[in-house]
Amino acid sequence: MADRINITIDGEKVNVDGGLTVLQAARRSGFHIPTLCDDDRLKPYGGCRLCLVSIEGIPRPVTACTTPVTDGMVVETSNDHIERLRRTIVELLLSDHPNDCMTCDRAGDCTLQELAYFYGLRDNRFWGERRRYEDDDLNPFIKRDMEKCVLCGKCVRVCREVQGVGAIEISYRGFGAKVCPPYERDLNCEFCGQCVSLCPTGALSGKQWSGKGREKDVKKIKTVCPYCGCGCNLTLHVSRNEVIRVSSEPDTINEGWLCPKGRFGYEFIKSPDLLKSPLIRKNGKLEEVTWDEALKFVSEKLGSIKEKYGPDAIGGLSSARCTNEENYLFQKFIRAGIGTNNVDHCARL
Amino acid sequence: MPKAVDIRICMGTGGIAAGASAVLERFEEELSSTGVGASVRENCSRHNVGCRGFCARDVLVDVILDGERTTYQYIKPDMVQRIVEEHIVSGNPVEDWVVTDDYHNFHEKQVKVVLSDCGEVDPEDINSYKSRGGYKAVESVIGSKTPEDVIEMIKSSGLRGRGGAGFPTGLKWEFARKPESDQKYIICNADEGDPGAFMDRSIIEGNPHSVIEGMTIGAYCIGADKGYVYIRAEYPLAVKRLRIALEQAKEAGYLGENILGSGFSFNIKVKLGAGAFVCGEETALIASIEGQRGMPRAKPPFPAQQGLWGKPTVINNVETFSNVPYIVTKGPDWFSSFGTEKSKGTKVFALTGKIRNTGLIEVPMGMSLKEIIYDIGGGMERGEFKAVQTGGPSGGCIPKDMIDINVDFESLAKVGSIVGSGGMVVLDDTDCMVNIAKFFLEFTQRESCGKCTPCRVGTKRLLEILDRVTEGKGKSGDIELLLTLGQDIKDSSLCGLGQTAPNPILSTIKYFRDEYEAHINEKRCPAAVCKAMLTYTILEDACKGCTLCAKACPSDAISGEKKKPHVIDQGLCVKCGACFDTCKFKAVHKE
Amino acid sequence: MQEALDRVIEKYRLEEGSVISLLQDIQEEFGYIPEDSVSYVSDRTGIPQSSFYGVATFYAQFYLKPRGKNIITACCGTACHVKGAERVISRIRRELELTDGEDTTQDGLFTVEDVACVGACSIAPVVIVNKEVHGKVSATQLLKEINNLKKETDA
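Residues numbered from 1 in each chain as written. Chains lettered and ligands numbered in written order. Predicted model: local features only at pLDDT ≥ 70, side-chain atom pairs only at ≥ 80, totals over all residues. Heavy atoms only, no water.

Student: With reference to specific residues and values, describe the overall build of chain C.
Tutor: Each helix and strand in chain C was counted, giving seven helices and four strands. Along the first, second and third principal axes, the C-alpha set of chain C runs to 50 × 35 × 25 Å. The proportion of buried residues among the 155 residues of chain C is 57%. Look at the contacts in chain C between residues 6 or more apart in sequence, and 62% of them connect residues 24 or more apart. Taken as a whole, chain C presents about 7400 Å² of accessible surface, with 45% of it coming from carbon and sulfur. The averaged location of the 24 negative side-chain charges in chain C is 9 Å from the averaged location of its 17 positive side-chain charges. (Helix = DSSP H or I, 4+ residues; strand = E, 2+ residues; numbered from the N terminus. Buried < 20%, exposed > 50% of the residue type's maximum accessible area, 1.4 Å probe, protein only. Contact = heavy atoms within 4.5 Å. Areas by Shrake-Rupley, 256 points an atom, 1.4 Å probe, with all protein chains shown as cover. Lys, Arg positive; Asp, Glu negative; His and termini not counted. Charge placed at Lys NZ, Arg CZ, Asp CG, Glu CD.)

Right, dumping it as structure tokens:
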């Protein structure tokens, strides 16, 4: 940890960690600076240019996200010149954007839309060619609408820096620059969806989210992922009593990262095949029974097997989806109750 | 019979394109198979020399008989026999082909430092460079002077980077010397990408050892043991000569392990660029050497602190390095005796365009534009002088009434242009300034890496506005929009490419606003360049009915009987200008 | 193909950041960058395919499709521009019946492309035909050259 230093932001003296960037320092001190390409969990990029700030002694505006703080630095996060530049940048982005917010899944949760609102950009001084991408990506999970891409590069960076995969890269250059899989084939990766979680616009989203409800319709419920022992924190987006989307917050144990199961594998919740009560096979057919009946059946069977073949004829396999306490109880039951050490756990693999 | 014959043939890219290889071959044939005696042949050395600047006169051939030099211009292979017979054998120079006064004028006002050995040494022979004092600088520095002393020397010479930004070289080296690091790098930027510039190519083609020597001294100063030359693959001859020179320097002990027994080791690798102008920007160049897309990154940290593979790195351009050995051998005071107070030394320019003497020139900083154009350049080729574009796509246009301006870093910056890497394109009254601005913007827009928004989308929108203006679809307010958007792109872009891309527009609006207004308000291109606003007509009186234009016309818009005046159907005309180019009687008129 | 690619991979095995060099050598070998070669080299080196594709599409020098037998490269530098390069280029494109966005003829005989300044501005306009630099060119001169090349291939 670097030494703490004093800097001035918008006339206010603040004491910050010396290893931060100007953007980090400003955020942690409660100042808002707009950005599209920054994420605290990724390396600074400096691409969108929205976080331009004025720093005393530096003749031209610099990006807050790439500039390290130095002791005594005097930062101005907003002034006429900077606002003019930010406004131009947003206008330029909108001039190459479908601007179809009324049908976009991300409306209400889109950084670009917020910026357009903030700068009151009903009209645009700029117009001209717009990128058109006809091809549809046939992968099962991730919807890629590259006309909405603002080239912030977050998806590319998270795929490399966090996931270590490199399934996508910015290809071509200049106005024709485009995020795509190699040779513009369909996306063929692990589908962790980290890219989707970082996209500031509607360029990346979940295919199964489409048309299910937008930010304003959603009730957010925090929970823990039921799939494995990692215990990732999830935020369920619920609309009309249905989970329509799963996300995760950056300030969680899993830093907001999820795996494909956690992010996209929630549809079992409303599956008609979901078991709601125990089943016992009677006359070759599975039949619903009460918990009492089921537990009684299990305990009788375990007892008779132990009696006939000894305790080592029984083994216990526990699940990573149980809590630590549950797993503790389970091994206790197998060891002390049944009397065997044949006990294991799927998360050990 | 002469005792010593030395024939020097200009074999730069320009010379070779003009047929220098065939000329060289002919000399070899003539000297061996015709009536030339064996004694001459034995004494005769034939050097390939690099570019000496005056490419417009290629093929240039020097014949030096017993130390007396005669220079021939425009030499074709079939002229060689006569030179050999009359001049070399009989001692009578072929006066008809000897260079004229303007050849001497072209060279007279130039002051050659970097180019002093170009065109004199054989670039493929290290001994040729050594015989003119080459590698003396390395010998005098390594092991005898401390790096700090040498840095001080470069600092006091006032040498500033010749790649465009003009940053003091000594200071840059000092920054990179300071940090402690197990590894440092020195990089020579030979990714000369400005359209209209060929200084670096010519230096490497003409005297690659001077660059190697400069790099070695730089490496010694900052403590680097690895160097790279990042060079455009579009320069095959330069690459070849550089590789030969590196090999020779290594053999001679000026590169490699334990140079001159000093314990200092330094090696240079050649990295070929793959065709991206933005890689001239130093952080993009680093990304490219690292094998990535050449996208720049924000500074700080500067390469001197964290450069290639995160290690302290110095990047200088070819001309900058090439100056170094001369500064070391002749002294910083000698170097700083040229130039102005803040811009020391000389600068190499690529003088091209509508000027009589096009070519590579080297002049002291601060020489007036007028002297360059009229004394060295020999004035205009045909038309009337209108403007000079300097600094390539990052630069601007300097109009006629500013022709007395001194050419140095400060003066050009003051009028909205830059020295840049040294492109200097002279424009005449047949050049449309809106079209010139559009040309440069087309270039930068195509070369934008796409990383930052203002450059990626902004230059595209700028270009589209210009497109509309040149197509006669401009509307009032467009000039103001170009100015504000241009300024915003300059202020908010990530790297030098975007920060300077609007310069050609801003400077042409500043000095040639009337041309923009004519395009927008009157839908007229004053210089008759912008296609959409042109009308081609055939002058009845001048037309001889030769039918050439009708044959050349791609859209069958021209009709008429043989030997009778032809007419252009304006409805069919696509304004390609083929008729204008083919007509031998100047009967096609455009306006 | 594999053998050639293995050679290329071996050459840069110990070098960091070799994507550009690998692609340059692949192109040297095949005249362009075949898709298969990228998957193969990616598998062997562990460098993601997307890196190769990103780099190959970034730099103007890489070709993802086979090019024509004869390459006509027109310089589009400033000097060439003011000396009328554009008209020369459009004339030869028309002669070769190349439509917008196309740069190789149907029969694969010719590729016409432009290149950022080749730095031979003194002899503008400059066109390079199969690596040979032609200075101060005219459309007529080039058309003749093209016809000669056509004849050569017929013969």
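Student: Describe the nonpolar core, listing the residues and the values that go with them.
Tutor: If you look at the biggest cluster of nonpolar residues, it comprises 99 residues, and the most contacted ones within it are V179 of chain A together with Y59 and F62 of chain C. Beyond its immediate sequence surroundings of up to four residues, Y59 of chain C is in contact with R173 of chain A, Y230, A274, G275, A276, C279, S288, Q292, R293 and G294 of chain B together with I20 of chain C. In terms of nonpolar packing, the next biggest core, distinct from the first, is built from 95 residues, M199 of chain B together with V88, V112 and V137 of chain C among them. (Core = buried A, V, L, I, M, F, W, Y, C linked by side-chain atoms within 4.5 Å.)

Student: Talk me through helix α12 (residues 236-251) of chain B; I want residue IDs and the actual numbers.
Tutor: A rise of 1.5 Å per residue sets the reference length of α12 of chain B, with its 16 residues, at 22 Å; its end C-alpha atoms lie 23 Å apart and thus fit the reference within 8%. Of the residues flanking the end of α12 of chain B, it is G253 of chain B, one or two places downstream, whose phi is positive at about 85°. (Expected span 1.5 Å × (residues − 1).)

Student: So what's going on with the packing of helix α2 (residues 19-30) of chain C against helix α4 (residues 49-58) of chain C? Residues and values would help.
Tutor: Helices that pack against each other are described as a pair by the angle of their axes relative to one another and the distance between those axes. Residue and element names in this part refer to chain C. Between α2 and α4, the shortest axis-to-axis distance is 10 Å and the interhelical angle comes to 75°. With respect to their mutual orientation, α2 and α4 come out roughly perpendicular. Residues V19, I20, L22 and L23 of α2 lie in contact with α4, whose contacting residues are S51, F52, V55 and A56. When the residues that make up the contact of α2 with α4 are grouped by side-chain class, the tally is seven nonpolar, one polar and no charged. (Axes fitted to C-alpha atoms, helices over the stretch in contact; angles between N-to-C directions. Parallel < 35°, antiparallel > 145°, perpendicular 65-115°, else oblique. Nonpolar A, V, L, I, M, F, W, Y, C, P; charged D, E, K, R; others polar.)

Student: Describe in detail the interface of chain C and chain A, supporting the description with residues and values.
Tutor: At the junction of the two partners, chain C supplies 15 residues and chain A supplies 16 residues. Where chain C abuts chain A, roughly 1200 Å² becomes buried across the two surfaces, and 53% of that area is made up of carbon and sulfur atoms. A per-residue breakdown of the area chain C buries against chain A is headed by E35, S50 and Y53 of chain C, which together make up 47% of the total. Viewed at the interface, chain A and chain C are joined by one salt bridge. (Buried area = accessible area lost by both parts, 1.4 Å probe. Salt bridge = Lys/Arg side-chain N within 4 Å of Asp/Glu carboxyl O.)

Student: Pulling in residues and values, what's your account of the pairing of strand β11 (residues 385-390) of chain B?
Tutor: All names here are of chain B. Extensive coverage of β11 is indicated by the burial of six of its six residues. Note: β11 against strand β13 (residues 423-428), five bridges, orientation antiparallel. Following the sheet pairing, V388 is matched in β13 by V426. Direction of pairing for β11 relative to strand β12 (residues 396-399): antiparallel, over a ladder of four bridges. By the bridge assignment, A387 is partnered in β12 with P399. Joining the antiparallel neighbours β11 and β12 is a turn of five residues, in which G391 adopts a positive phi near 80°. (Pairing = 2+ DSSP bridges.)

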